[in-house]
Each structure stands twice: as C-alpha cells, then as structure tokens.
Amino acid sequence: MADDNEKFDLENPSLPKWVKKRALASGGYPYEGKLDDDTYATELNELYLELAKLQDDQARTGRRIVMVFEGRDAAGKGGTIDTYLENLNPRYSDSVALPKPSDRERTQWYFQRYVDWLPAAGEQVLFDRSWYNRAGVEPVMGFCTAEETTRFLAEVPQFERMLVNDGIHLFKFWLSIGREMQMKRFHDRRHDPLKRWKLSPVDFEALQKFDDYSEARTRMFKETHSEQAPWTVVLSNDKKRARLAVLRTVLRAIDYDGKDLDEIGTIDSRIAMDPDRFLADKHDR
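Predicted, not measured: the structure shown is a model, and the values here were computed from it.

## Describing helix α9 (residues 210–224)
Stage number 1. In this model α9 runs 21 Å from its N-terminal to its C-terminal C-alpha over 15 residues, within 8% of the 21 Å that 1.5 Å per residue would give.
Stage number 2. Along α9, the residues that are buried comprise F210, Y213, S214, A216, R217, T218, M220, F221 and T224.

Here it is as structure tokens:
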C-alpha cells in the first residue's frame, strides 16, 4: 500500500510515476515486460483455429460449456470474453453480464436467474461475473448479509456438482491483478472519454477495499475449489498472456475431433495456476 508520500488521486489526470513503475510487477507478476504484439497475434490465431474445431464438435455432439469469469474490477474479464468469442457463432456462444437483480429476482432462489442462462445442446455461455457475486462484491459492498454468504458458500458446490453431473463442462476463472495495476487501469478509464462508462460507483470504492476483496476471494477459494469444479487463477497484469492462458486451459481440457496439442501449445504455469499455489506464492498482495 502507498505511504503518505505516495498519494493516488483518481481525478488527477497525471498518473503518479510510482504507480506506473510498479503496475506490471504488482501482485508478484513474473514477467518484466508484456508479450509482444506479433507473438500474441500468431499464437492467438492458432488458438482460434482450434476453437473453430471445438465449435464444430459442439454442433455435432451437443456438448455444453459454461465459463465463469471472476476477479477484481478492471482485471480484464470482459476483454478476455470478447477475445474468446471473436470468431465464434453468436447463436451458440454467448456472453452474459447480468445487471443487479430486480425486486422480483431478489425474492427468488438465489441461483434462479443464472439457471435461465445455462446452455442447451451445442451451446456455450461465458458469465462476466456470475453467482459468485455473493462471495465477493455483495458481502464486501454490504449488498447481502453474512448469513447469506455463508449459506451460498455451503450450497454452491452442490449446485455446481449438479451441472457437472448433467454433462456440462464447467470452467471457473479468477483473473488476478495487482494493486497498482488496478490503480493504473482505473486511472486510464477515468481519463479516457471512450472508456469512462466502464467505471461505476462500486469501482471507485473497490480501490479502498482491496484487502477486503482479498479476504473474500481467499475464503471463496477455500470453500468452493473442488476436484469436480476447480478454480483456475490467471495472472492478468498482461492481458495478452492472460487471454492465451484462458483459451489454452479450455482447449486442453476438452476432447474434440481434430484436436492438435501442438497448435494449442503449453499453458504458461507462471500465469495460470490453482488457488493453492496462488495463495502460497502470495500473489495479489
């Protein structure tokens, strides 16, 4: 955390030098520089060709896929989802980012409005935030009670077990960014007229509640990471590396006709990991 000589004012159009200097390395990020554009474009194109094969296989087999994307505000969830969906048929591959629940939805079974968006045969759904709001944003911001969060954490493994037992391929991604990287991305959004819409009142408060979000995330990992429905943590200070890691995680996990492991490539273990290693290595602190 910054000391008294290192103030951060989101309204100041000048990004402090100490934030810019520390951003990429924050949260224990393992690379000194970002992935170059040419390498990224080449590797991404190879993965897109494999995703096209997976899409064809889904149409033939009726395979269903659900992906949950969670993480701090500005962690890159939306951009990663857009990258994944770039060349896929929108009739069968969809992104879901639900607004806050209506008065009626607040009286329903908590999982009910998410169930409405689950895929049918041959479809895949990517949730930009999901039912895990009840484990992160809602308790940290005071939008639910402690009892509601405790009940959710006890029930969600059973809910996800039912999805997996019904044949759904379930992926849960936590995109992790360091404190200074979050500051930098918030600052970029605040002072770019084309990105300012991405900031909400909740985002402004997130900067002051960084440690609270860390505690909620750690509890969520400990109570909802399972063999049947594991979490994959992806360090996303560099969005390019994070996106490649997500695509590779999905493609390597599913068997489909024409799958080429050489084209998919190896998942970068410095970027993608399970929650136990993430916490042991003290990332995101």
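Having put the structure on the table, let's press on.
## Quick look at the pairing of strand β1 (residues 65–71)
Looking down a regular strand, the side chains alternate between one sheet face and the other.
Stage number 1. Of all seven residues in β1, seven are buried; the element is thus mostly enclosed.
Stage number 2. Across the two faces of β1 the burial is the same, with I65, M67, F69 and G71 and V66, V68 and E70 all buried.
Stage number 3. In terms of strand pairing, β1 meets strand β3 (residues 124–128) through five bridges, oriented parallel. Each residue of the ladder has a partner; that of V66, found in β3, is V125.
Stage number 4. Sheet analysis places β1 next to strand β4 (residues 169–176), joined by seven bridges and oriented parallel. Paired with M67 across the bridge in β4 is F171.

## As for helix α7 (residues 179–190)
Stage number 1. Here α7 is 12 residues long and its end C-alpha atoms lie 17 Å apart, about the 16 Å a rise of 1.5 Å per residue gives.
Stage number 2. Burial runs high along α7: nine of the 12 residues are buried.
Stage number 3. Listing the buried residues of α7 in full gives R179, E180, M181, Q182, M183, R185, F186, H187 and R189.

## Focus: the packing of aromatic side chains
To describe a pair of aromatic rings, one takes the distance between the centres and the angle between the planes.
Stage number 1. What the rule picks out here adds up to 19 aromatic pairs.
Stage number 2. Aromatic pair Y114 and W131: ring centres 5.9 Å apart, planes at 85 degrees, arrangement edge-to-face. With Y114 in helix α4 (residues 112–115) and W131 in the loop between β3 and α5 (137–141), this pair connects stretches of sequence that are 17 residues apart.
Stage number 3. For Y114, a relative accessible area of 2% translates into the label buried.
Stage number 4. The exposure class assigned to W131 is buried, which follows from its relative accessible area of 0%.
Stage number 5. For the ring pair Y132 and W231, a centre distance of 4.8 Å and an interplane angle of 65 degrees mean the geometry is edge-to-face. Of the two residues, Y132 sits in the loop between β3 and α5 while W231 sits in strand β5 (residues 231–235), which places them 99 residues apart along the sequence.

Here is what the cut-offs are and how they apply
- Residues numbered from 1 in each chain as written.
- Predicted model: local features only at pLDDT ≥ 70, side-chain atom pairs only at ≥ 80, totals over all residues.
- Heavy atoms only, no water.
- Helix = DSSP H or I, 4+ residues; strand = E, 2+ residues; numbered from the N terminus.
- Expected span 1.5 Å × (residues − 1).
- Buried < 20%, exposed > 50% of the residue type's maximum accessible area, 1.4 Å probe, protein only.
- Pairing = 2+ DSSP bridges.
- Phe/Tyr/Trp six-rings, centres within 6.5 Å; stacked < 30°, edge-to-face > 60°.

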